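What follows is the residue order along each chain.
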Amino acid sequence: MEHLRNLGAEVIMNSLDPAEKITVAYHFEIVQPLIFHVYDVDTKYYNLPVKTLKLNDQEFLGEGSCVLSEIVTKQGQSLTLDLHNRNGNRGLKNLGKLTVHAEETVASRNAIEVIFHCSHLENKDLFSKSDPFLRISRIVENGGSVPICKTEVVDNNLNPIWRPLCLTMQQFVSKDNPLVIECFDFNTSGNHVLIGKLQKSVADLEKLHKQKTGASFILPSSAQHGHEKVLKGQLFVDQFCEKQLYSFIDYVSSGFEFNFMVAVDFTASNGNPRTPDSLHYIDPSGRFNAYQQAIMEVGEVIQFYDSDRRFPAWGFGGRTIDGTVSHCFNLNGSASGIEVEGVQGIMAAYASALNHVALAGPTLFGQVINNAAEIARQSLSCNSRKYFVLLIITDGVVTDLQETKDALVRASDLPLSILIVGVGGADFKQMEILDADNGCR
């Protein structure tokens, strides 16, 4: 059993309807079980600090348990639990109820989105033009500065335009707080050369945008006199807009659901499922293989955000009963029904498919992605408040790379995320091109 950590306790005197607030760090990506123990504290202990109380000396009234994500996904973010004995039974006696309400604590949702461009920057390169980027820092009380964000690098350009930049109030603190904006020439060595700097607040940036004027960069003098050189290069604010940022909890609590889909690699490179060295080997002892482990670790997290817990499950790269190699077949063997019941349903369908589907190949993702995208597209057309997560588990590099890239681009505007988990010892570096973190599609 996992070690339990005490998150907080308080003694509420002479009350049958006590209320207490505790702070819990919420992590979407893991399952966070909560156990609530309720005690009646004897009056002689009232003046003692709560942490010094020995619970064995107090009367146990009952306990309740749940998972944090269960509370978050409930309407109104409230969940009522029946208190029971330590053995899990309520018995004949009503031990009462415990209502848990979740509320997100956030300092501010306010943010600004800005688009910067510069003109007439000084060239710091010998055989080409500078590769500029901006670094923005907040000035703190002791006079120093703390970097809060930076733009991307624009190659070989003295009049760069950067992509939109989002600054949260947690980063800039207030619109009047001074910010240091530095422009550097990027060097792969990490020794970036300062082109120029200036100091402006968020309010100043808004004024620059409204007045459509630029601010000149300065270059601190290396001499002891402290003189600053005003440069020809200027910073402009092409766009300035204030916006509200919404958290994952905001979306879930307003009725959005996650729908989990999974696709499993049935190519021959996995090895004969009947031999222990196969990635598909089902261990009689109950120890999970890599595919089972991936299904459980992702599925157990997402299932709490799906109200019906019915999940589409496919296989690809296998030779089905009719003798043809399919690159998207229903894992449960059904000709029409693609869904299974819960994570355990996926596990059962996967184990069953290993007995009826022969491993073949090659490794193709395109059809699986297209099927998932079509489900997301139909949901979107019905204005459903759903977001889909497709988990693809594979042991090798994809063969249809261009088809996969095309499928991902077509699906990129849909409410769909795709997780690709590699198992086994293959080199998956070529797959990194599918992760378009640089914004290119």
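Residues numbered from 1 in each chain as written. Predicted model: local features only at pLDDT ≥ 70, side-chain atom pairs only at ≥ 80, totals over all residues. Heavy atoms only, no water.

*Asks:* What am I meant to see in the overall build of the protein chain here?
*Replies:* Assigned secondary structure in the protein chain consists of 8 helices and 21 strands. Over its C-alpha trace the protein chain gives a radius of gyration of 29 Å, far above what one expects of a compact globule, namely 22 Å for 441 residues. Dimensions of the protein chain, computed from C-alpha atoms along their principal axes, come out at roughly 85 × 75 × 45 Å. Relative to its full complement of 441 residues, the protein chain shows a buried share of 39%. A separation threshold of at least 6 residues defines the contact pool for the protein chain, and within that pool the share at least 24 residues apart is 67%. Carbon and sulfur atoms make up 50% of the accessible area of the protein chain, which amounts to about 25,400 Å² in all. Of the side-chain charges in the protein chain, 38 are positive and 51 negative, and the distance between the mean point of each set is 5 Å. (Helix = DSSP H or I, 4+ residues; strand = E, 2+ residues; numbered from the N terminus. Rg over C-alpha atoms; globule rule 2.2 N^0.38 Å. Buried < 20%, exposed > 50% of the residue type's maximum accessible area, 1.4 Å probe, protein only. Contact = heavy atoms within 4.5 Å. Areas by Shrake-Rupley, 256 points an atom, 1.4 Å probe, with all protein chains shown as cover. Lys, Arg positive; Asp, Glu negative; His and termini not counted. Charge placed at Lys NZ, Arg CZ, Asp CG, Glu CD.)

*Asks:* What am I meant to see in the packing of helix H5 (residues 290-302) against helix H6 (residues 342-356) here?
*Replies:* When two helices pack together, their arrangement is captured by the angle between the axes and the distance separating the axes. For the pair H5 and H6, the least separation of the axes is 10 Å and the interaxial angle reads 165°. By the criterion of interaxial angle, the relationship of H5 to H6 is roughly antiparallel. In terms of crossing hand, the pair formed by H5 and H6 is right-handed. Together, Tyr291, Gln292, Ile295, Met296, Gly299 and Glu300 of H5 and Val343, Gln344, Ile346, Met347 and Tyr350 of H6 make up the contact between the two elements. Classifying every residue of the contact of H5 with H6 gives 7 nonpolar, 3 polar and 1 charged. (Axes fitted to C-alpha atoms, helices over the stretch in contact; angles between N-to-C directions. Parallel < 35°, antiparallel > 145°, perpendicular 65-115°, else oblique. Left-handed = near helix turned anticlockwise from the far one by under 90°. Nonpolar A, V, L, I, M, F, W, Y, C, P; charged D, E, K, R; others polar.)

*Asks:* Please clarify how the environment of Asn272 should be interpreted in this entry.
*Replies:* Assignment of secondary structure puts Asn272 in the loop between strand S13 (257-265) and H5. For Asn272, a relative accessible area of 41% gives the class partly exposed. C-alpha separation for the pair Asn272 and Ala358, spaced 86 residues apart in sequence, amounts to 9.2 Å.

*Asks:* Explanation requested: a nonpolar patch on the surface in the structure shown.
*Replies:* Where nonpolar side chains cluster on the molecular surface, the patch consists of Tyr246, Tyr251 and Phe256 and spans about 330 Å² of accessible area. Positionally, Tyr251 belongs in helix H4 (residues 248-253). (Patch = residues over 30% accessible without salt bridge, like charges linked within 9 Å, V, L, I, M, F, W, Y side chains within 5 Å. Salt bridge = Lys/Arg side-chain N within 4 Å of Asp/Glu carboxyl O.)

*Asks:* Mind showing me how you'd approach the packing of aromatic side chains here?
*Replies:* A ring pair, where both rings are aromatic, is described by two values, the distance of the centres and the angle of the planes. Enumeration according to the criterion identifies 10 aromatic pairs in this entry. Seen from their ring centres, Phe258 and Tyr387 are 5.7 Å apart, and the 45° between their planes marks the pair as tilted. One end of the pair, Phe258, is in strand S13; the other, Tyr387, is in strand S20 (residues 386-394), and 129 residues separate them in sequence. Overall, the relative accessible area of 29% leaves Tyr387 in the partly exposed class. Through pairs of rings, three or more aromatic residues link up here, namely Phe266, Tyr291, Phe329 and Tyr350. A cation sits over an aromatic face here: Arg86 above Phe60, 3.9 Å from the ring centre. (Phe/Tyr/Trp six-rings, centres within 6.5 Å; stacked < 30°, edge-to-face > 60°. Lys NZ or Arg CZ within 6 Å of the ring centre and 35° of its normal.)

*Asks:* Sorry, what's going on with H5 here?
*Replies:* Since one α-helical turn is 3.6 residues long, residues separated by three or four positions face the same way. Here H5 is 13 residues long and its end C-alpha atoms lie 19 Å apart, about the 18 Å a rise of 1.5 Å per residue gives. Within H5, the full set of buried residues consists of Tyr291, Gln292, Ala294, Ile295, Met296, Val298, Gly299, Val301 and Ile302. In this structure, the buried residues of H5 make contact with S13, H6, S20 and strand S21 (416-422). Where H5 begins, the side chain of Asn289 points an oxygen toward the backbone nitrogen of Tyr291, at a separation of 2.9 Å. (Expected span 1.5 Å × (residues − 1). Polar contact = N/O pair within 3.5 Å; in protein donor to acceptor, adjacent residues only side chain to side chain.)

*Asks:* Would you explain the sheet that holds strand S15 (residues 318-319) in this entry?
*Replies:* One key point about sheets: their strands pair by backbone hydrogen bonds, in either a parallel or an antiparallel sense. In spatial order, the strands read S16-S15-S19; together these 3 strands make up an open sheet with antiparallel pairing. With one partner strand each, in any of the chains shown, strand S16 (325-326) and strand S19 (358-359) form the two edges of the open sheet. By the bridge criterion, 2 bridges tie S15 to S19 in an arrangement that is antiparallel. Opposite Gly318, over in S19, you have Leu359 as the bridge partner. (Pairing = 2+ DSSP bridges.)

*Asks:* Looking at this structure, I do not really get the nonpolar core. What am I missing?
*Replies:* Looking at soluble globular proteins, one finds that nonpolar side chains tend to be buried together. Core analysis: the biggest nonpolar cluster contains 34 residues, and Phe260, Val262, Val264, Phe266, Ile295, Leu331 and Ile393 have the highest contact counts within it. Of all elements in the fold, only H4, S13, H5, strand S14 (310-316), H6 and S20 reach the threshold of two or more residues within this core. Top contributing element to this core by residue count: H6, with 7 residues. (Core = buried A, V, L, I, M, F, W, Y, C linked by side-chain atoms within 4.5 Å.)

*Asks:* What should I look at first to understand the pattern of salt bridges in this one?
*Replies:* Pairs may arise between side chains of opposite charge once their charged atoms sit close together. Per the stated rule, a full pass over the model turns up 10 salt bridges. Glu206 is paired through a salt bridge with Lys175; the nearest N and O atoms lie 3.0 Å apart. Here Glu206, found in helix H3 (residues 202-211), pairs with Lys175, found in the loop between helix H2 (169-172) and strand S9 (178-185); they are 31 residues apart in sequence, far enough to count as distant. A relative accessible area of 28% means that Lys175 is categorised as partly exposed. Between Glu242 and Lys175 there is a salt bridge; the shortest N-O distance is 3.1 Å. Residue Glu242 is found in strand S12 (residues 228-244), and its partner Lys175 is found in the loop between H2 and S9; the two are separated by 67 residues along the sequence. Classification of Glu242 as exposed rests on a relative accessible area of 53%.

*Asks:* What is the right way to look at the packing of helix H7 (residues 366-381) against helix H8 (residues 401-411) in this model?
*Replies:* Viewed as axis vectors pointing N to C, H7 and H8 meet at an angle of 10°, and their least axial separation amounts to 9 Å. It follows that H7 is roughly parallel to H8 by the angle criterion. Contacts from Gly366, Gln367, Ile369, Asn370, Ala373 and Arg377 in H7 reach Glu403, Thr404, Ala407, Leu408, Arg410 and Ala411 in H8. Looking at side-chain class alone, the contact of H7 with H8 contains 5 nonpolar, 4 polar and 3 charged residues.

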